[in-house]
Amino acid sequence: MLDIKVLRDDPEAVTAGVRKKRMTDRVAAVEQALVLDGELRGLIPKLDAMRSEQKNAGKLMIKLAPLAREQMLAKQKELKQELQGFLEREKTLRAELDQQLSLIPNIPDADVPEGRDDSENVEVKRVGQVRTVTFAQKTHCEIGEAQGWLDFERAAAISGSRNYLLIGDLALLHDAVLRYAIDHMVRQGFTPIDPPLLVRDAAMFGTGFFPGGEEQTYRCEKDGLNLIGTSEVPITSMHAGEILLEKDLPKKYVARSACFRREAGTYGKDTRGLYRVHQFQKVEQVVLDVADKGRSLEHHQSIVANAEACLQAFELPYRIVAVCGGDLGVPQAFKYDIETWMPSRNNYGETHSASRFYDYQARRLQLRYRSEAGKVHYCHTLNNTVIASPRALIPILEYHQQQDGTVRLPAALVPYMGGREVIGRPVF
RNA sequence: GGAGAGGUGGCAGAGUGGCCGAAUGCGUCACCUUGCUAAGGUGAUGUACCGGUAACGGUACCGGGGGUUCGAAUCCCCCCCUCUCCGCCA
């Protein structure tokens with residue numbers, strides 16, 4: 001949610017932001033919100049005055065003689081009628097204003113690149129030279145299926161397309177990668193959390209996924225609950241409605257969870273393999289801190305660095321892109337994607353997404369803190385992937401494959417795989 | 001799933017129709033007193049919105065929403081949450 005004051009003071013900037021995000025269908029919400037806000041602000045002083053009168057009259061009445069009391073009662077009934085009309089108008093105005101306001105996306109930062117979609121994201125950093133090999137590299141599907149590690153057919157029979165079975169050493173590797181990521185984050189001082197996977201609408205709304213993301217979300221209608229697409233949702237919502245103390249900030253959390261995505265509208269895209277699946281495991285980092293842009297920027301750098309450290313430990317080449325306006329979601333002010341080299345794509349593929357929101361999510365969540373000076377402010381929130389698997393297994397299998405189909409493990413993962421430096425048997 | 005109890009300020013806890021934004025206690029903060037410490041005294045101590053440069057004034061909020069009433073923390077209805085007992089179950 002944007003601060004209504006920002007909207008009043010500089011509607012052009014808000015509209016420009018909506019356009020930069022290429023959400024032209026939401027431009028009208030800005031104008032609508034301003035109109036509704038204007039009417040509401042006209043209404044409130046009248047309402048307050050009437051209620052004040054009603055209150056005072058009520059207090060007076062108990063002291064009156066029965067006759068005068070009767071007269072006053074009649075007068076008060078009239079006032080009540082009138083007041084009811086105003087109250088109803090106020091209620092609808094507030095509801096409509098909230099609805100319009102919730103449609104208005106966060107304003108993208110000035111340094112967000114212009115652009116329509118992910119093809120216009122701007123590379124800001126490239127790490128690791130992609131090694132060249134003399135043999136024909138296999139895809140992770142080819143390796144996995146030849147090794148008996150992957151079974152898409154049976155998975156599809158059980159659960160439909162975009163599902164997978166990880167078997168044997170690949171199941172272990174999947175867990176090893178996640179476990180490494182958790183341990184790394186705990187060393188960075190993050191508090192590990194195992195969050196609920198089913199959340200109320202309020203959490204989806206508060207983090208900015210609703211309205212808009214309903215089609216991407218598995219929903220348990222009977223219970224009014226939603227399966228999370230990322231643990232950002234429960235973790236960022238953890239302190240919703242609270243007023244934290246500045247001395248307790250920043251809050252740094254790391255969560256491992258299953259994530260569920262319907263992937264509606266992606267038919268025909270990345271249909272093979274582990275890249276785009278309905279369910280996966282993700283280690284996610286979330287930071288809540290004071291409302292200070294400089295601090296947010298520092299956190300953003302450091303959560304990106306945390307993810308980079310994992311990729312470096314896994315000895316994988318990657319690059320970082322600044323996500324352009326058109327590829328940015330509703331709540332983000334700025335987003336870096338980290339893309340890891342995937343030989344089967346002969347390209348980098350998105351493996352991480354690091355966002356900063358300033359107070360946009362915090363406003364929706366009523367997530368606040370009391371400053372040392374005693375004032376209450378909305379927090380700033382940020383989050384980033386640490387590792388998402390099995391997607392992360394794609395570069396690991398493909399980049400560390402050897403000619404015979406075995407896979408060399410990066411040193412960091414060896415202790416997590418029972419000391420083995422290579423997994424698989426010669427199959428090619 | 002069945003039966004019952006309950007949700008009030010940072011916490012504890014009173015309040016069952018107007019004098020209640022809410023007693024009292026604890027905690028916290030400021031000042032005072034006592035040479036330190038302990039103790040004591042005085043005052044302050046929620047959030048949001050509206051008006052005002054400000055001091056300040058007004059309004060709303062007692063889990064959430066609706067209703068009854070001139071007037072609701074208090075009465076009625078629905079929902080959410082917590083606890084106890086029974087059943088079922090990983």
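Residues numbered from 1 in each chain as written. Chains lettered and ligands numbered in written order. Predicted model: local features only at pLDDT ≥ 70, side-chain atom pairs only at ≥ 80, totals over all residues. Heavy atoms only, no water.

## Things to note about the overall build of chain A
Quick note on the threshold: Secondary structure elements follow DSSP: runs of H or I no shorter than four residues count as helices, runs of E no shorter than two count as strands, and numbering proceeds from the N terminus. Every accessible area reported is derived by Shrake-Rupley at a probe size of 1.4 Å, with residue values counting cover from the shown protein chains alone. Neither His nor the chain ends is counted toward charge; the positive residues are Lys and Arg and the negative residues Asp and Glu. Charge positions come from single atoms, namely NZ of Lys, CZ of Arg, CG of Asp or CD of Glu.
Counting its secondary structure elements, chain A contains twelve helices and 16 strands. C-alpha extents for chain A along the principal axes are approximately 105 × 45 × 45 Å. As displayed, chain A offers around 20,300 Å² of accessible surface, 50% of which is attributable to carbon and sulfur atoms. Separation between the mean location of the 57 positive side-chain charges and that of the 58 negative ones in chain A comes to 4 Å.

## Regarding the sheet that holds strand E5 (residues 225-227)
This is how it is decided: Criterion used throughout: strands pair if DSSP finds at least two bridges between them.
What the three strands build is an open sheet, ordered E3-E5-E4; its pairing is antiparallel. A strand with exactly one partner marks an edge of an open sheet, and here the two such strands are strand E3 (198-200) and strand E4 (219-220).

## Focus on empty space enclosed by the protein
We count it as follows: The method works on a 1 Å grid over the protein atoms by themselves. A cavity is a set of points holding a 1.4 Å probe that cannot get out, a pocket is an open set with protein on both sides within 12 Å along at least five of seven lines, and residues with an atom within 4 Å of a point line them. Grid points are joined across faces, edges and corners, and a volume is the space filled by probe spheres set on the points. Note on residue classes: Ala, Val, Leu, Ile, Met, Phe, Trp, Tyr, Cys and Pro are nonpolar, Asp, Glu, Lys and Arg are charged, and everything else, Gly too, is polar.
For the structure shown, the criterion picks out one cavity of 30 Å³ or more. Considered as a void within the structure, the largest cavity measures approximately 30 Å³ in volume. Along its surface, the largest cavity is lined by Leu311, Phe314, Leu316, Thr340, Thr351, His352, Ile387, Ala392, Pro395 and Ile396. Sorting the residues of the lining of the largest cavity by element identifies strand E11 (347-358) and helix H12 (393-399) as the ones contributing at least two each. Looking at the lining of the largest cavity residue by residue, the classes come out as seven nonpolar, three polar and no charged.

## Quick notes on the protein's contact with RNA strand B
Let me state the cut-off plainly: We call a residue near a molecule or strand when any one of its heavy atoms sits within 4 Å of it. Polar contact is the term for a pair of N or O atoms within 3.5 Å; when the atoms are in protein, one must be able to donate a hydrogen and the other to accept it, and sequence-neighboring residues count only if both atoms are side-chain atoms.
Around RNA strand B, 23 residues are found, and the nearest of them are Lys55, Met61, Lys77, Arg200 and Arg370. Of all atoms in RNA strand B that approach within 4 Å of the protein, 73% are sugar or phosphate atoms. One of the side-chain nitrogen or oxygen atoms of Arg41 is found 2.9 Å away from a phosphate oxygen of RNA strand B. Elements with a contribution of two residues or more to the surface near RNA strand B: helix H3 (27-61), helix H4 (66-103) and strand E12 (368-370).

## Quick look at the sheet that holds strand E8 (residues 279-289)
Let me state the cut-off plainly: A fitted line through C-alpha atoms represents every axis, and for helices the fit uses only the stretch in contact; the resulting angles, taken between N-to-C directions, go from 0 to 180 degrees.
Spatially, E1-E9-E10-E11-E14-E8-E7-E2 is the arrangement adopted by the eight strands of the open sheet, whose pairing is mixed. At either margin of the open sheet sits one strand with a lone partner, and together these are strand E1 (122-127) and strand E2 (191-193). Sheet twist, expressed as the mean angle between neighbouring strand axes with direction ignored, is 25°.

## A look at helix H6 (residues 152-159)
For H6, the N-terminal cap is Asp151; the gap from its side-chain oxygen to the backbone nitrogen of Glu153 is 3.1 Å. Immediately beyond the C-terminal end of H6, within one or two residues, lies Gly160, with a positive phi of roughly 95°.

## Quick word on the pattern of salt bridges
Stated precisely, the cut-off is as follows: Any Lys or Arg side-chain nitrogen found within 4 Å of a carboxyl oxygen on Asp or Glu counts as a salt bridge.
Per the stated rule, a full pass over the model turns up 28 salt bridges. Linking Arg262 and Glu215 is a salt bridge whose minimum nitrogen-to-oxygen distance equals 3.6 Å. With a gap of 47 residues between them, Arg262 in the loop between strand E7 (251-260) and E8 and Glu215 in the loop between helix H8 (201-206) and E4 connect regions that are remote in the sequence. Shared partners join several salt bridges into a network, and the residues in it are Asp109, Asp111, Lys293 and Arg356.

## Remarks on the nonpolar core
Stated formally: Here, nonpolar core means buried Ala, Val, Leu, Ile, Met, Phe, Trp, Tyr and Cys residues that are tied together by side-chain atoms lying within 4.5 Å of each other. Type-normalised accessible area, obtained with a 1.4 Å probe on protein chains alone, sets the label of each residue: buried when under 20%, exposed when over 50%, and partly exposed for intermediate values. We call two residues contacting when some pair of their heavy atoms lies within 4.5 Å.
Leu170, Leu173, Val177, Val283, Phe314, Ile387 and Leu413 are the most contacted members of the largest nonpolar core, which has 64 residues in total. Sorting elements by how many residues they give to this core places helix H7 (residues 169-187) first, with nine residues. Those residues in contact with Val177, other than ones at most four positions away along the chain, are Phe314, Ile387, Ala392, Leu393, Ile396 and Leu413. Counting residues in each nonpolar core, the second largest holds 24 residues, with Ile4, Leu36, Leu101 and Ile104 among its members.

## Describing the layout of surface pockets
Put simply, the test is: Throughout, the edges of the domains are those of an automatic or database domain assignment.
By volume, the second largest pocket amounts to about 330 Å³. Within the residue set of the lining of the second largest pocket, elements represented by two or more residues are helix H1 (4-9), H3, H4 and helix H11 (360-365). No other element matches the four residues that H4 contributes to the lining of the second largest pocket. Each residue belonging to the lining of the second largest pocket can be placed in one class, and the counts come to eight nonpolar, one polar and seven charged. In this structure, the lining of the second largest pocket is formed jointly by two domains, domain 1 (4-103) and domain 2 (118-423), each of which donates at least three residues.

## Quick notes on the domain arrangement of chain A
Often the size quoted for an interface is simply the accessible area lost on bringing the parts together. Rules: Once two parts are joined, some of their accessible surface, as seen by a 1.4 Å probe, is lost; buried area is that loss totalled over both.
Looking at chain A, the domain boundaries give domain 1 (4-103) and domain 2 (118-423). The partner domain 2 presents twelve residues to the seven residues of domain 1 that form the contact. Its largest share of buried area at the contact with domain 2, domain 1 owes to Lys21, Arg26 and Ser102, together 65% of the area lost on that side. One can count zero salt bridges joining domain 1 with domain 2. At the boundary of domain 1 and domain 2, one finds five residue pairs in polar contact (both at pLDDT 80 or more). Looking at the side of domain 1 that touches domain 2 residue by residue, the class counts come to two nonpolar, one polar and four charged.

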